[in-house]
Amino acid sequence: MCGVFGISDRNNSVSSLDSELISGLATLQNRGQDAAGIVMSNNPFFIKKNLGMVSQIFHHQKSNISTEPVGIGHVRYTTQGENTLKNTQPFILEEPFGIAMAHNGNVTNFKHLRNKIIQAKRKIQTTNDLELILQLFSISLSENSRKEYTYRDFLSAAEFIQSNVFGAYSVLTILRGYGLLGFTDSNGIRPLFLGKKESIKGVIFAFSSETSSFEQLGFETVRRLIAGEIIFIDNNNQIQTRNGFLKNYKPCIFEDLYFSKSHSKPINSVNHNDSIALRRETIGKILGKKIKMLGLKLDLVIDVPDSGYFYAQGISEELCIPYKKGLTKNDSMRTFISDKNTRKKIVLKKFNVISHLIKNKRIGVVDDSIVRGTISKHIAMLLKSEDAKEIYFISGSPIIRNPCIYGVDMSLKEEMVAYNKKIDEIALYIGVDKIIYPTLGDLKKVYENNRFCHACFSGEYPTKVSKSILLDIAQEKLFRIKENI
Ligand code: SF4
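Please read all numbers here as calculations on a predicted model, not as lab measurements.

Right, let's talk about the overall build of the protein chain for a bit. Within the protein chain, the regular secondary structure consists of 16 helices and 19 strands. In terms of C-alpha radius of gyration, the protein chain reaches 23 Å, essentially the compact-globule figure of 23 Å for 485 residues. Burial status across the protein chain gives 59% buried among its 485 residues. Within the protein chain, contacts between residues at least 6 apart in sequence are counted, and of these 70% link residues at least 24 apart. For the protein chain, the accessible surface area stands at approximately 19,900 Å², while carbon and sulfur atoms represent 51% of it. Taking the average location of the 65 positive side-chain charges in the protein chain and that of its 49 negative ones, the two points are 3 Å from each other.

Take a look at the structure:
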């Protein structure tokens, strides 16, 4: 999972656009902490990127590095390709003219596309799937061999990507001298929002992976791009849109359950007051009802900080039992470490237990999801060591048994705690008295329709997925586990 942010300020309304871009990127840090970068539309492009967090990479950044009106940025969580500077986004290409690109998502037919690009006598220099999108986009434009391009060419090149590149992606592109382009995959699996801010000088447009960025920077959310939608903002601040290569809208539900900030808008939000926090609380109430039906008696409910909080609130209200902050997280340990094994160890050391709340109590401990079970097992151990009487682990997401092939870091079935286990066996493995999950049916009630991707729970993938594609993705993941990258 990654985050993208882009901005187009044709009237020079913002005194320092690069600072605004970096601030936008910092609001998306929750989506990826491996690497970050920005590119501005100068000729040649101004580009700065590195491994690490936004604040580490840009802390010496002077503002006004560029007076250009367009910029895009990216924060990376590595799911495909190694975490190296070479693979860090944005990428740039000078063919047929200056194109800069960043994306959030995963390409599933990458082997086929690599061959296609090599056949077109182009060199592939990274193992990041963004390069496949960028090269194909450039190939599509180059076929026109024009002196001047129009917005129709850009919309058609994006449509070409949507019909040839399988998987999930939201893409931002600077077309130097022409404008800023944003588009999603044909199912709209990965999110991309359009925002705007009015100023005395005119309107500033922005794209972001989450609406919370807009709130923090004073932008108004215009809307989420629909499945396959393409939006181009030209040099005169005019917007051109096309529906693109459209299939069923299937936004990723895991964005709401886990990734996105709680004050962001949910995937199918229609209501101004709606928020991810509200949806998580509603799922919590459903979980509370399940606990009642099972006849379980809890003394209190605690959360795994931070995304378990609103589920825990819902459970607490439904069961009329107190919510307490029984676990705290030591955020001063939030440091950039490229080695994933070391990072996992540090994550586990982050949790502290508030002993007097736990001793001799029947505890319901709530997390947003249980994927590998490492954190859940560690927390169960911490609570036991503080003499919890009974421990009930409660997940905000249904049982995850299938790999995500769309950019969330769970692409290997075998590494999931639920792999080949029944619920009681998962509880035994984690070391708790019982585990409680919502069902997919419960989620459908909260989201009032079936219009979301739930492949990691159900195994029903919204895109074409052959056995060989699943195997390619699993092999790529195995390679990274072996190399510890
Ligand atoms: Fe999201 Fe799961 Fe679909 Fe992946 S498989 S896109 S995590 S809902």
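Following Asn43, the chain continues into Pro44 via a peptide bond in cis, with omega recorded as 0°. For Pro44, the position within the fold is in the loop between β2 (35-40) and β3 (46-51). Pro96 follows Glu95 through a cis peptide bond whose omega is 0°. Within the secondary structure, Pro96 sits in the loop between β5 (91-94) and β6 (98-107).

This part covers the nonpolar core. Inside soluble globular proteins, nonpolar side chains tend to come together where they are buried. In terms of nonpolar packing, the biggest core is built from 78 residues, with Phe137, Leu175 and Leu181 touching the most fellow members. In terms of residue count, the dominant contributor to this core is helix α4 (residues 130-142) (eight residues). Once you skip the residues sitting within four places of it in the chain, Leu181 turns out to touch Phe137, Phe154, Leu155, Ala158, Val171, Leu172, Thr173, Leu175, Ile230, Ile231 and Phe232. Membership of the second largest hydrophobic core comes to 27 residues, among which are Ile302, Ala418, Ile430 and Val432.

Attention now goes to the layout of surface pockets. One number sums up the size of the second largest pocket: a volume of about 470 Å³. Forming the walls of the second largest pocket are 23 residues, and the residues nearest its centre are Phe193, Arg223, Arg224, Lys265 and Ser269. Ranked by residue count, the leading element in the lining of the second largest pocket is strand β11 (residues 220-224), at five residues. Classifying every residue of the lining of the second largest pocket gives eleven nonpolar, six polar and six charged.

Attention now goes to α4. Taking 1.5 Å as the rise per residue, α4 with 13 residues should run 18 Å; its terminal C-alpha atoms sit 18 Å apart, in good agreement. In terms of residue burial, α4 counts as a mostly covered element, since twelve of its 13 residues are buried. Every buried residue of α4 is accounted for by Leu130, Glu131, Leu132, Ile133, Leu134, Gln135, Leu136, Phe137, Ser138, Ile139, Ser140 and Leu141. If you follow the buried residues of α4, they end up packed against β5, β6, α3 (110-119), α5 (151-164), β7 (167-175) and β8 (179-184).

All residues adjacent to the ligand are Ile189, Arg190, Cys252, Ile253, Phe254, Cys404, Tyr406, Val408, Met410, Cys453, Ala455 and Cys456. Split by residue class, the shell around the ligand holds eleven nonpolar, no polar and one charged.

The strands making up a sheet associate through backbone hydrogen bonding, with each pair oriented either parallel or antiparallel. Read across the open sheet, the four strands follow the order β14-β17-β18-β19; overall the sheet is parallel. Only two strands of the sheet have a single partner each, and these edge strands are β14 (300-303) and β19 (434-436). Averaged over all adjacent pairs, the angle separating strand axes in this sheet is 25°, with direction ignored. Across six bridges, strand β17 (residues 362-367) lies against strand β18 (residues 390-395) in parallel orientation. Bridge assignment links Val366 to a residue of β18, and that residue is Ile394. Running at roughly 170° to β14, helix α9 (residues 309-319) makes contact with β14, β17 and β18 of the sheet.

For the rest of this paragraph, the subject is the sheet that holds strand β12 (residues 230-234). Strand order in the open sheet formed by six strands is β5-β6-β7-β8-β12-β13, and the pairing between neighbours is antiparallel. Of all the strands in the sheet, just β5 and β13 (239-242) have a single pairing partner and so form its edges. Adjacent strand axes in the sheet meet at a mean angle of 15° when their direction is disregarded. Where β8 and β12 come together, five bridges link them in antiparallel fashion.

Taking 1.5 Å as the rise per residue, helix α8 (residues 276-293) with 18 residues should run 26 Å; its terminal C-alpha atoms sit 26 Å apart, in good agreement. Those residues of α8 hidden inside the fold are in contact with α7 (254-259), α9, β18, β19 and α14 (440-447). Note on α8: the residue one or two positions beyond its end, Gly295, has a positive phi of about 75°.

Calculation criteria
Residues numbered from 1 in each chain as written. Predicted model: local features only at pLDDT ≥ 70, side-chain atom pairs only at ≥ 80, totals over all residues. Heavy atoms only, no water. Helix = DSSP H or I, 4+ residues; strand = E, 2+ residues; numbered from the N terminus. Rg over C-alpha atoms; globule rule 2.2 N^0.38 Å. Buried < 20%, exposed > 50% of the residue type's maximum accessible area, 1.4 Å probe, protein only. Contact = heavy atoms within 4.5 Å. Areas by Shrake-Rupley, 256 points an atom, 1.4 Å probe, with all protein chains shown as cover. Lys, Arg positive; Asp, Glu negative; His and termini not counted. Charge placed at Lys NZ, Arg CZ, Asp CG, Glu CD. Core = buried A, V, L, I, M, F, W, Y, C linked by side-chain atoms within 4.5 Å. 1 Å grid on protein atoms, 1.4 Å probe; cavity = no way out; pocket = protein on both sides within 12 Å on 5 of 7 lines; lining within 4 Å. Points joined across faces, edges and corners; volume = space filled by probe spheres on them. Nonpolar A, V, L, I, M, F, W, Y, C, P; charged D, E, K, R; others polar. Expected span 1.5 Å × (residues − 1). Near = heavy atom within 4 Å. Pairing = 2+ DSSP bridges. Axes fitted to C-alpha atoms, helices over the stretch in contact; angles between N-to-C directions.

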